[in-house]
Amino acid sequence: MEIAYKPSFLHTFKKLPSDLQIQALEAINLFKNRANHKQLEVHKLHGKMRDRLSFSVNNKYRIVFRWEEKDLAVLLTIGDHDVYR
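Caption draft 1: Structural detail: the overall build of the protein chain. A tally of regular secondary structure across the protein chain gives two helices and five strands. For the protein chain, the α and β elements follow one another from N to C terminus as β-α-α-β-β-β-β. Taking 85 residues into account, the globule formula puts the C-alpha radius of gyration at 12 Å, and the protein chain, at 12 Å, falls close to it. The C-alpha extent of the protein chain, read off along each of the three principal axes, is 30 × 30 × 25 Å. Every one of the 85 residues in the protein chain was classed for burial, and the buried ones make up 40%. In the protein chain, 45% of the contacts between residues at least 6 apart in sequence involve partners at least 24 apart.

Caption draft 2: Helix H2 (residues 18-31), seen in detail. Spanning 14 residues, H2 covers 20 Å between terminal C-alpha atoms, matching the ideal 20 Å at 1.5 Å per step. Within H2, burial applies to Leu20, Gln21, Ala24, Ala27, Ile28 and Phe31. Each buried residue of H2 lies within a common arc of 125 degrees when the element is viewed along its axis, so the set occupies one face. Structurally, H2 contributes buried residues whose contacts are with strand S1 (2-5), helix H1 (7-15), strand S3 (53-56), strand S4 (62-69) and strand S5 (72-79).

Caption draft 3: Just the packing of aromatic side chains, in detail. Under the definition given, this model contains seven aromatic pairs. On the numbers, 5.9 Å between centres and 25 degrees between planes, the contact of Phe31 with Trp67 is stacked. Within this pair, whereas Phe31 is found in helix H2, its partner Trp67 is found in strand S4, the two being separated by 36 residues in sequence. In this structure an aromatic cluster arises from ring pairing among Phe31, Phe55, Phe65 and Trp67.

Caption draft 4: Focus on the sheet that holds S1. Sheet architecture is open: five strands sit in the order S1-S5-S4-S3-S2, paired in mixed fashion. Edge positions in the sheet fall to S1 and strand S2 (43-44), since each of these pairs with one other strand and no more. Two strands pair when backbone bridges link them, and S1 and S5 are joined in this way by four bridges, in the parallel orientation. Looking across to S5, one finds that Glu2 is bridged to Leu72. Sheet strands in contact with H1 are S1, S4 and S5, and its direction is about 40 degrees off that of S5.

Caption draft 5: Molecular detail of unusual backbone geometry. Backbone geometry at Glu41 places phi at a positive 60 degrees, although glycine is not the residue there. Accessibility expressed as a relative area gives 49% for Glu41, which makes it partly exposed.

Thresholds applied
- Residues numbered from 1 in each chain as written.
- Predicted model: local features only at pLDDT ≥ 70, side-chain atom pairs only at ≥ 80, totals over all residues.
- Heavy atoms only, no water.
- Helix = DSSP H or I, 4+ residues; strand = E, 2+ residues; numbered from the N terminus.
- Rg over C-alpha atoms; globule rule 2.2 N^0.38 Å.
- Buried < 20%, exposed > 50% of the residue type's maximum accessible area, 1.4 Å probe, protein only.
- Contact = heavy atoms within 4.5 Å.
- Expected span 1.5 Å × (residues − 1).
- Arc of directions from axis to C-beta.
- Phe/Tyr/Trp six-rings, centres within 6.5 Å; stacked < 30°, edge-to-face > 60°.
- Pairing = 2+ DSSP bridges.
- Axes fitted to C-alpha atoms, helices over the stretch in contact; angles between N-to-C directions.

Function-wise, these values are silent; they only describe arrangement.
Pasting the structure below:
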């Protein structure tokens, strides 16, 4: 699976503490294998974000993404539950 990064994701990612950046990179590496999606709690979002999905970095932080193609995920943003607003 390929991963692409929107500038908004990279901008927010760079502002995170280094330990959280490491956790996020680990989650992204796990995400590349679809067998790990259940563990990462990959799920579709609803409402105005219905064309997007998210997965867990830890208990608090999520990564929001969308599928561009079957094997291309574009990471849009990262943050706590406020990313859903």
